[in-house]
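Chain by chain, the residues:
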Number of protein chains: 2
Amino acid sequence: MKFGVKIMPREVILDTQGRAVEQTLKGQSFRLDSCRVGKFVEIDVPAATEAEGRDMVKKMADFVLYNPLIEVYEIQRLG
Amino acid sequence: MKFGVKIMPREVILDTQGRAVEQTLKGQSFRLDSCRVGKFVEIDVPAATEAEGRDMVKKMADFVLYNPLIEVYEIQRLG
């Protein structure tokens, strides 16, 4: 069962990568209000049910995938 | 209007970051079949309709956000 973990910088954190992309795009006359850059981790787990899978992925995310001080994450069920 | 661009390494490409996370998790006795790591870019665009917004974001993605040789991307409408 495949899950995605979307990890984004917290709103209060200066997102330097996002700022850089935003400036590049604006410099090329693209119209945009804001841009933030995060990570996306796809994990395939051997789970019997969606609830079990989510729980496994949540444990992994809490353990190693994100830094709670500067990031927030969200788990999505994929295809 | 907010859109997300999920950018993942192509299947045929060796995903070193994903491999590293996979090994770390397996080394800690987490059960998983595979893991791939990509990027997620959230862009807020001043679009009147979803179609227009998608089109704007697609142009940005094609222009600067991803490398077609090694990555694939997917646009999602966010909240």
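Everything below is about the structure printed above this text.
What counts, and at which threshold
Residues numbered from 1 in each chain as written. Chains lettered and ligands numbered in written order. Predicted model: local features only at pLDDT ≥ 70, side-chain atom pairs only at ≥ 80, totals over all residues. Heavy atoms only, no water. Helix = DSSP H or I, 4+ residues; strand = E, 2+ residues; numbered from the N terminus. Buried < 20%, exposed > 50% of the residue type's maximum accessible area, 1.4 Å probe, protein only. Contact = heavy atoms within 4.5 Å. Areas by Shrake-Rupley, 256 points an atom, 1.4 Å probe, with all protein chains shown as cover. Lys, Arg positive; Asp, Glu negative; His and termini not counted. Charge placed at Lys NZ, Arg CZ, Asp CG, Glu CD. Buried area = accessible area lost by both parts, 1.4 Å probe. Salt bridge = Lys/Arg side-chain N within 4 Å of Asp/Glu carboxyl O. Polar contact = N/O pair within 3.5 Å; in protein donor to acceptor, adjacent residues only side chain to side chain. Pairing = 2+ DSSP bridges. Least-squares fit on C-alpha atoms with pLDDT ≥ 70 in both. Axes fitted to C-alpha atoms, helices over the stretch in contact; angles between N-to-C directions. Phe/Tyr/Trp six-rings, centres within 6.5 Å; stacked < 30°, edge-to-face > 60°.

Chemist: Residue-level account of the overall build of chain A, with values.
Modeler: Summing up its helical and strand segments, chain A has two helices and three strands in all. Once the C-alpha set of chain A is aligned to its principal axes, its extents read approximately 50 × 30 × 15 Å. Within chain A, buried positions represent 44% of all 79 residues. A sequence separation of at least 24 residues applies to 69% of the contacts in chain A between residues at least 6 apart. When the accessible area of chain A is evaluated, it comes to approximately 4,300 Å², of which 52% is carbon and sulfur surface. Across chain A, 12 positive and 12 negative side-chain charges occur, with their mean positions spaced 3 Å apart.

Chemist: Describe the interface of chain A and chain B, naming the residues involved and giving the relevant values.
Modeler: Listed as interface residues are 32 residues of chain A and, on the opposing side, 32 residues of chain B. A per-residue breakdown of the area chain A buries against chain B is headed by Arg-31, Phe-40 and Glu-42 of chain A, which together make up 21% of the total. Where chain A packs against chain B, one counts four salt bridges. Close ionic contact of Glu-52 of chain B with Arg-31 of chain A constitutes a salt bridge, the shortest N to O distance being 3.7 Å. Counting the contacts that link chain A with chain B gives 10 residue pairs in polar contact (both at pLDDT 80 or more). A total of 11 residues in the side of chain A that touches chain B trace back to one element, the largest contributor, which is strand β2 (residues 34–44) of chain A. Two elements, β2 of chain A and strand β2 (residues 34–44) of chain B, share 11 bridges in a ladder whose sense is antiparallel. Following the sheet pairing, Lys-39 of chain A is matched in β2 of chain B by Lys-39 of chain B.

Chemist: Before we move on, can you summarise the relation of the copies chain A and chain B with the specific residues and values?
Modeler: When chain A is fitted to chain B, the best match, at an RMSD of 0.0 Å, comes from turning it 180° and sliding it 0.0 Å along the axis. Given the turn and translation reported, the copies of this chain are related as if by a two-fold rotation axis. The rotation axis passes nearest to the C-alpha of Lys-39 of chain A in chain A, at a distance of 2.1 Å. Here 100% of the interface residues in chain A have copies in chain B that are interface residues too; the copies meet face to matching face.

Chemist: Residue-level account of the sheet that holds β2 of chain B, with values.
Modeler: One key point about sheets: their strands pair by backbone hydrogen bonds, in either a parallel or an antiparallel sense. In space, the six strands of this open sheet follow the order β3(A)-β1(A)-β2(A)-β2(B)-β1(B)-β3(B), with antiparallel pairing throughout. The outermost strands of the open sheet, each flanked by one partner alone, are β3 (71–77) of chain A together with β3 (71–77) of chain B. Here the strands of the sheet are splayed against their neighbours by 25° on average, with no regard to which way each runs. Pairing of strand β1 (residues 2–9) of chain B with β2 of chain B, which is carried by six bridges, proceeds in the antiparallel orientation.

Chemist: Go over the pattern of salt bridges with me, naming the residues and quoting the values.
Modeler: Applying the stated criterion across every chain, the model contains 20 salt bridges over all chains. The closest approach of N and O atoms between Glu-50 of chain B and Arg-54 of chain B, which form a salt bridge, is 3.3 Å. With a gap of four residues between them, Glu-50 of chain B and Arg-54 of chain B both fall in helix α2 (residues 50–65), about one helical turn apart. On the basis of relative accessibility, which here comes to 32%, the residue Glu-50 of chain B falls in the partly exposed class. Within this structure, Lys-2 and Glu-42 of chain A together with Lys-6 and Glu-74 of chain B form a network of salt bridges that share partners.

Chemist: Talk me through the packing of aromatic side chains; I want residue IDs and the actual numbers.
Modeler: In the structure shown here, the tally under the stated rule is five aromatic pairs over all chains. Aromatic pair Phe-30 of chain A and Phe-63 of chain B: ring centres 5.4 Å apart, planes at 45°, arrangement tilted. Of this pair, Phe-30 of chain A sits in the loop between α1 (16–27) and β2 while Phe-63 of chain B sits in helix α2, placing the two residues on different chains. With a centroid separation of 4.5 Å and 65° between ring planes, the pair formed by Tyr-66 of chain B and Tyr-73 of chain B is classed as edge-to-face. Residue Tyr-73 of chain B is classed as partly exposed on the basis of its relative accessible area, which comes to 21%.

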